[in-house]
Amino acid sequence: MRYFIGNWKMFGVPKSISILDKINKFVKSDKKFNKKYKVVITPPHTLVQSYAKFFLNKKILIGAQNCFYKDNFGANTGAISPLMIKSIGAQYIIVGHSDNRSEGDTDVMLKAKVESSLNNKLKVVFCIGENKEHKIKNKTFEVLENQIQSTLNEKLNLKNIIVAYEPIWSIGTGQIPEPDDLLKTTIFIKKVLKKIFKKQKSPIVLYGGSVDSKNISQFKKLNEIDGFLIGGASKSDQNFIDIIKNYYR
Ligand code: 13P
């Protein structure tokens, strides 16, 4: 199974649903391949409920982009908990995106977010990734292993966790890792996950960072990569559809 997950970040108003409607129609018509992949879109919180309702029992699955780190209800102005997100129909949640890490998400907060999301039956897309300095100093593996170890543990159910490897230097820059490096990194991440989760289900690891309809073909041969977390290119139905088409063509 491959995942094409679109992270809209701070984009979208109610009528932007037409973008998803076109993607949904494409997936429905893509009979030759559509059993091989899942499409998940994470719009901003303001749109999760209406979009989840509209796409209920259709091809597109809806998720949210982030949540507060405390459970359920609380005296936390402006905060939205996993329970609240689940209650409006979201099925997935992104946790640990570098945008949020850079705005103050700590490992302790991320651990709480992951646990609370799983407790509320959301599937977690847990993001990890090194910055440019880590990469230059050859610290990538160390950073990734730390990010994984400090948030995930064997008591969690790996079946409901997807890890997205998003090198920070690649997000929104048009730069993507060399295929060889990406393969090695993906294999490393899976090794770390297998060490933690032992005989639980095989880990699912996605790549994210400047994926578009032109460079997607470079990822085709990298079998270890289970899918993609797509930012900018997920805001256009044509780009997103072309990513899927070019991946299977
Ligand atoms: P871009 O695809 O715009 O580089 O964004 C990647 C990303 O951050 C997805 O979460």
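The structure we're discussing is the one just above.
Here is what the cut-offs are and how they apply
For every chain, the first residue of its written sequence is number 1, and the numbers climb from 1 along that sequence. The predicted origin of the model limits local features to residues at a pLDDT of at least 70 and limits the giving and counting of side-chain atom pairs to 80 or more, whereas totals for whole chains, interfaces and linings rest on all residues. Derived side-chain values reflect all non-hydrogen atoms in the structure, with water molecules and hydrogen atoms excluded from consideration. Using a 1.4 Å probe on the protein chains alone, a residue whose accessible area is under 20% of its type maximum counts as buried, one over 50% counts as exposed, and one in between counts as partly exposed. We count a stretch as a helix when DSSP gives it H or I for four or more residues in a row; a strand needs E for two or more, and each element gets its number in order from the N terminus. Read the arc as the range of directions from the helix axis to the C-beta atoms. Should any heavy atoms of two residues lie within 4.5 Å, those residues are considered in contact. In this text, buried Ala, Val, Leu, Ile, Met, Phe, Trp, Tyr and Cys residues form a nonpolar core when linked through side-chain atoms within 4.5 Å. A pocket, in this scheme, is an open set of points on a 1 Å grid over the protein atoms alone with protein on both sides within 12 Å along at least 5 of 7 lines, while a cavity is a set where a 1.4 Å probe fits but cannot get out; residues line either one if an atom lies within 4 Å of a point. Grid points are joined across faces, edges and corners, and a volume is the space filled by probe spheres set on the points. The classification used treats Ala, Val, Leu, Ile, Met, Phe, Trp, Tyr, Cys and Pro as nonpolar, Asp, Glu, Lys and Arg as charged, and all other residues, Gly among them, as polar.

**A closer look at helix 7 (residues 140-149)**
Those residues of helix 7 that sit buried are T140, V143, L144, Q147 and I148. For helix 7, the buried positions fall inside an angular range of 130 degrees around the axis, keeping them on one side. As for helix 7, its buried residues are in contact with helix 4 (98-102), strand 5 (123-128), helix 6 (132-136), strand 6 (161-165) and helix 8 (179-197).

**Brief notes about the nonpolar core**
If you look at the biggest cluster of nonpolar residues, it comprises 64 residues, and the most contacted ones within it are F4, L152, F219 and F228. Looking at which element gives the most residues to this core, the answer is helix 8, with seven residues. Residues contacting F219, with those up to four places away along its chain left out, are I176, L182, Y207, V211, I225, F228 and Y247. If you look at the next biggest cluster of nonpolar residues, it comprises 13 residues, including I5, V40, L61 and I94.

**A look at the layout of surface pockets**
As a volume, the largest pocket reaches approximately 280 Å³. Forming the walls of the largest pocket are 15 residues, and the residues nearest its centre are K9, M10, Q65, D99 and N100. Looking at the lining of the largest pocket, its residues break down into five nonpolar, seven polar and three charged. E130, K135, N138, K139, T140, F141, Y165, W169, P177, D181, K184 and T185 together form the lining of the second largest pocket. Of all elements in the fold, only helix 7 and helix 8 reach the threshold of two or more residues within the lining of the second largest pocket. Residue contributions to the lining of the second largest pocket peak at three residues, all from helix 8. Its residues placed into classes, the lining of the second largest pocket shows four nonpolar, three polar and five charged.

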